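One-letter residues, chain by chain:
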Amino acid sequence: MKKLKAFAAPYLVWMAVFIVVPLLMVAYFAFTDEEGHFTLDYIANVGQYTNIFVRSIWLAIIATVICLVLAYPVSFILSRMKKHHQGTMLMIVMLPMWMNFLLRTYAWMTLLGNNGIINNLLGMIGIGPLKLINTEGAVVLGMVYNYLPFMILPLYSVMVKIDKSLIEAASDLGCNPVSTLFRVVVPLSVPGIMSGVTMVFVPAISTFIISRMLGGGSNLLIGDLIEMQFLGNAYNPHLGAGISLVLMVIILLIMTIMNQFNPDDQVLI
Amino acid sequence: MKNHIFRPLCAVICAALLTGCSGAAGTGSGTAENAETSETEESEAQTLTVSDMDYYTRFKGQNLSINVYNWGEYISTGTDAGTLNVNAEFTKLTGIKVNYTNYATNEELYAKLKGGGTYYDVIIPSDYMISKMIKEDMLEPLNFDNIPNFSYIMPTFVDPAYDPDNAYSVPYTWGTVGLIYNTTMIDIPKEDIDWDILWNEDYADQILMFDNPRDAFAISEIMMGYSINTEDPVELTAAANKLKEQKAVVQAYVMDEIFDKMAANDAWIAPYYAGDALTILEDNEDLDFVVPKSGTNLFVDAMCIPKGSRQKEAAEMYINFMCEPDIAYSNIDYICYSTPHSGAYEMLDEETRNNPVSYPGNDYLDENTTIFVNLSDEANLQMQTLWTEMKSAENETPNRWIVPVFLLICLGLMIFVLIRRHIRNKKDIY
Amino acid sequence: MKTLSKVYMGLVLMFLYVPIFVLIVFSFNETKSRSVFSGFTLDWYAKLFRNEVIISSLMNTIIIAVIASIAATLLGTLAAIGINSMRKVPKAIVMNITNMPIVNPEIVTGVSLMLLFVFFAARMNLEFGFVTLVIAHITFDVPYVILNVMPKFRQMDPNLFEAAQDLGCSPFTALRKVILPEIMPGVVSGFLMSFTFSLDDFVISYFTSGSTSQTLPITIYSMTRRKISPEINALSTLIFVVVVIVLVVKHIIETKQEQRNRANGGDEE
């Protein structure tokens, strides 16, 4: 098959120009000033936004954990259904993901507003109005809602491969359901958990729409900060590149650590 | 007091509704409907008449196109019944295709232009952004021979502070910034309402604030008696501290979203632009609008041609077209801002013309309002830094070393895991 | 246990679907209110179809998605064939770089491409708009095609290709007759995946769009920021209906095929 190597050539060129070079340019912008001289000022300035980084990481972790807790039973139930029901059910679970992401977030704006549907319903039974929108909780909710399917899918695809007889064997050998879950199912689904966690964590930490639409502009996240430097109020691509670089490094480090738990790592990063 | 504004608006809406359906049909298909409604004044706007046909048709057949970059919802589109579709009319008349895209803030527009790689022919920035762009040599001087309709612009708006020789811009709309509030929730009499209401703890979590440093700083500067164009670092810092105090009572920092949130009663009070505020009052009759007595900012949005425009003459034709009385009227009718165009002003009904919110009179404008001009780079940078700091500030500022330390810990953990795995692999071999 | 899992699935589905149904219901609302339903109307749909900005950005979105996903499928399939025949180390390097756009936060990819295009624009006659959008979409689509096609090679007998050549096939015919049919399912799913990602992408388009064209998600974004009109709900409803129809048809076809396979192949399971 060696002769076929040349087939990759067009892609290799494309990859170099549109994946590698742009990332190098981010690094270049981060370490130079407007005249193109080397400087560490912008990277140093990123330290100023420590609280935004801390908040983003924290909210993303909360959203990821909630997604995992919500999605785990869903995937397990799905994987234990009858074969011909599984496909239909999976489609029903994934269907909302096909709606445009902005529209889905907008729907929550409608629901959570001070005069929104939830507060109206609560008002009818005499509670409220609660402050729902423009809070960190609303941002986390938006993340969970938008990224939940990203957690369900990898978990499901791992669990569906767990042989039913393994679980039966465990209970035959005296395991109660709880210890079956933690000693058989969970260890076998670790790769699914890992890829689910990264698929939720990465978009959650870098989002700027959800925080803007549901967070009311006072819960800035890293994504907002980057967007502000390139297309927003504070035009400063060098600082923006610096922040992007730091974000990228954080994510790559986290991914590397996560991958260590993954038994079959095709992906080195 | 409230009815004072509301009644003329009702008249406008009713007129629009009455003539609306027939008007929309008129542009679409035939002349029959047009004939029926030809007495009403709306239908005049429907059948477009321009001053000089030869001027507009000279590029016909050349397949030109121009890129127009405008604020969202800032041109008459013909979707609402009774209005002209301005861009479609322009293409029909001149044969020039219009690529029309939107931005949400002056800064977004600036970033898109500054970044390069974009070729716009007509942009509509606000006052201070125009002076910034002039200073940075980002605008083309206009050839006013190609814009004869500039003669319609009212003298007050010619040679403005942001463009002293009036070489680069043609005013499109203007207005003042005021407060929009919910009369059922706020029981302070209208004449007593001033900017400090935005700091009032009784309305905590019901206050919206501008998500834009220039507008937000202006409010706190007015309250503290500074000029809204101050470049004094001490005054800027003081204004920022004032904004920091406000953070505890603010529900959200928003711009355009104010429109929707106020209309849906999601908040009680917000600063907003007079023109948009009038449109919201149409939707929600509990709302009212007041221009605080301690003064405000007068804004002007004007049409410019950025450097790098490839179709300068066609762009000037577009600007001239926007100054055709019929078109200017159609736009102002749709946007509801105040017009600097004398022709369009004449076509407005009397009640709108006498509305003190839209047209408070030149004396009032001179005494109580100030126009933004561009600040020095240092002042801009300081304002920007103070703003981001204010927005990201929490009660306690975490140590700036947290992130680097966190990264180091991650790195350490990674190395540890790799070494452990390496050792384990070695063991496996034996 | 059975009922408990049914209740749980019901709750999760409610969480996923309630916002969407709220959007749909209020697309028929007479007034602009987002929380009180006052009467039935179809006006918003009529207005939606008269809104030229929406219609033209919809057309842009579809054209860009079609061009980008076809180009990405060609590029990606060739790349997968080539990469598969590489030696271990270069293969690992290429695969790691290929993973970058998937692993990296979208905002970083968007920003890095924006910097690249700005660089090109200053030196060549590149204009932000249609071309940059297509390039950006191809760039984030290709990795998905490659990742869909690569596993098919692993399932394939590596000797098949050589066997075909030994039996007198030219390398090209062997490729066409032996390899292509084997990897076809991966190619198709890669194409579908990149098509849907292109249709839905907001973040990367936001940073790479320009003066001549704007995609639907960007238009939706500018709509959600300003005077939100029920037109947007009408649009959501139409998108939802189209998605449901497409998925249901796809599902029915797949189920039929499966049944046929089962009937033909006997007890495959």
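For the structure, check the block above.
What counts as what
Residues numbered from 1 in each chain as written. Chains lettered and ligands numbered in written order. Predicted model: local features only at pLDDT ≥ 70, side-chain atom pairs only at ≥ 80, totals over all residues. Heavy atoms only, no water. Contact = heavy atoms within 4.5 Å. Buried area = accessible area lost by both parts, 1.4 Å probe. Salt bridge = Lys/Arg side-chain N within 4 Å of Asp/Glu carboxyl O. Polar contact = N/O pair within 3.5 Å; in protein donor to acceptor, adjacent residues only side chain to side chain. Nonpolar A, V, L, I, M, F, W, Y, C, P; charged D, E, K, R; others polar. Helix = DSSP H or I, 4+ residues; strand = E, 2+ residues; numbered from the N terminus. Buried < 20%, exposed > 50% of the residue type's maximum accessible area, 1.4 Å probe, protein only. Core = buried A, V, L, I, M, F, W, Y, C linked by side-chain atoms within 4.5 Å. Disulfide = S-S within 2.5 Å. Pairing = 2+ DSSP bridges. Phe/Tyr/Trp six-rings, centres within 6.5 Å; stacked < 30°, edge-to-face > 60°. Lys NZ or Arg CZ within 6 Å of the ring centre and 35° of its normal.

Q: I'd love a proper account of the interface of chain B and chain C, names of residues and values included.
A: Across the contact, 31 residues belong to chain B and 24 residues belong to chain C. Together, the buried faces of chain B and chain C total about 2500 Å²; carbon and sulfur atoms form 43% of this surface. Taken together, the connections running from chain B to chain C amount to 1 salt bridge. Note that C:Glu127 and B:Arg310 form a salt bridge whose closest N and O atoms lie 2.6 Å from each other. Connecting chain B to chain C are 2 residue pairs in polar contact (both at pLDDT 80 or more). Each residue belonging to the side of chain B that touches chain C can be placed in one class, and the counts come to 8 nonpolar, 12 polar and 11 charged.

Q: Talk me through the pattern of salt bridges; I want residue IDs and the actual numbers.
A: Under the criterion given, the structure shown has 18 salt bridges over all chains. Among the salt bridges present, the one from B:Lys114 reaches B:Glu136, with a minimum N-O distance of 3.0 Å. Taken together, the residues B:Lys114 in helix H6 (residues 106-115) and B:Glu136 in the loop between helix H7 (127-135) and strand E4 (170-182) connect sequence positions 22 residues apart. Since its relative accessible area comes to 24%, B:Glu136 is described here as partly exposed. The partner of B:Arg353 in a salt bridge is B:Glu346, and the shortest N-O contact between them spans 3.8 Å. The exposure class assigned to B:Arg353 is partly exposed, which follows from its relative accessible area of 23%. Members of the salt-bridge network, linked through shared partners, are A:Arg212, A:Asp224 and A:Glu227.

Q: So what about the nonpolar core? Which residues, and what values?
A: A:Tyr11 and C:Phe207 are the most contacted members of the largest nonpolar core, which totals 175 residues. The contact partners of A:Tyr11, leaving out residues within four places of it in the chain, are A:Ile19, C:Leu75, C:Ala79, C:Ile83, C:Val94, C:Thr98, C:Val142 and C:Ile146.

Q: Run through the state of the cysteines, naming residues and quoting values.
A: Under the definition given, this model contains 0 disulfides over all chains. Of all cysteine sulfurs, the one in B:Cys323 lies closest to B:Cys304, which takes part in no disulfide; the gap is 12 Å.

Q: Quick one: what's the story with unusual backbone geometry, residue by residue and with numbers?
A: Apart from glycine, the bulk of residues carry a negative phi angle, and the bulk of peptide bonds sit in the trans form. Residue and element names in this part refer to chain B. The phi dihedral of aspartate 137 is positive, around 55 degrees, even though this residue is not glycine. One non-glycine residue, asparagine 265, adopts positive backbone phi at about 60 degrees. Tracing the chain through its elements places asparagine 265 in the loop between helix H10 (257-263) and strand E7 (269-273).

Q: Would you mind going over the environment of B:Asp276 in detail, with residue names and values included?
A: Examined against the element boundaries, B:Asp276 turns out to sit in helix H11 (residues 274-283). In this structure the C-alpha to C-alpha distance between B:Asp276 and B:Val177, which are 99 residues apart in sequence, comes to 10.0 Å.

Q: Can you break down the pairing of strand E9 (residues 296-303) of chain B residue by residue, with the values?
A: All names here are of chain B. Along E9, 8 of the 8 residues are buried, which leaves the element largely enclosed by surrounding structure. Examined bridge by bridge, E4 and E9 share 6 bridges and lie antiparallel to one another. Within E9, the position partnered with threonine 173 by the bridge is aspartate 301. Where E9 and strand E10 (residues 369-371) come together, 3 bridges link them in parallel fashion. Bridged to leucine 298 within E10 is isoleucine 371.

Q: Residues and numbers for the packing of aromatic side chains, please.
A: Ring pairs (aromatic) are described by centroid distance and by the angle formed between their planes. Enumeration according to the criterion identifies 46 aromatic pairs over all chains in this entry. Judged by centre distance (4.9 Å) and plane angle (85 degrees), the rings of B:Phe90 and B:Tyr318 are edge-to-face. Taken as a pair, B:Phe90 in helix H5 (residues 86-94) and B:Tyr318 in helix H12 (residues 312-322) lie far apart in primary sequence, 228 residues in all. For B:Tyr318, a relative accessible area of 1% puts it in the buried group. With centroids separated by 5.5 Å and ring planes inclined at 80 degrees, the aromatic side chains of C:Tyr206 and C:Tyr221 adopt a geometry described as edge-to-face. Of the two residues, C:Tyr206 sits in helix H9 (residues 203-208) while C:Tyr221 sits in helix H10 (residues 216-225), which places them 15 residues apart along the sequence. Taken individually, C:Tyr206 and C:Tyr221 each receive the classification buried, so the pair is uniform in this respect. Through a chain of ring-to-ring contacts, three or more aromatic side chains come together here, namely B:Tyr69, B:Trp71, B:Tyr74, B:Tyr103, B:Tyr120, B:Tyr172, B:Phe210, B:Tyr272, B:Tyr273, B:Phe299 and B:Tyr337. The ring of B:Tyr110 has B:Lys132 sitting right over it, with the charged end atom 4.8 Å from the ring centre.

Q: Can you break down the side chain of C:Asn148 residue by residue, with the values?
A: Residue and element names in this part refer to chain C. In this fold, asparagine 148 is placed in helix H6 (residues 130-155). The buried category is assigned to asparagine 148, whose relative accessible area is 19%. Here the side chain of asparagine 148 touches tyrosine 144 through a polar contact of 2.9 Å, landing on its backbone oxygen. Discounting residues that sit within four places of it in the chain, asparagine 148 has contacts with Gly186, Ser189, Gly190 and Met193.

Q: Give me the interface of chain A and chain C: which residues, what numbers.
A: Each side of the interface is counted separately: chain A has 78 residues, and chain C has 83 residues. Summing both sides of the interface, chain A and chain C together bury roughly 7700 Å²; the carbon and sulfur share of this comes to 80%. Put simply, chain A and chain C have 0 salt bridges between them. The interface formed by chain A and chain C includes 10 residue pairs in polar contact (both at pLDDT 80 or more).

These figures come from the coordinates and say nothing about function on their own.
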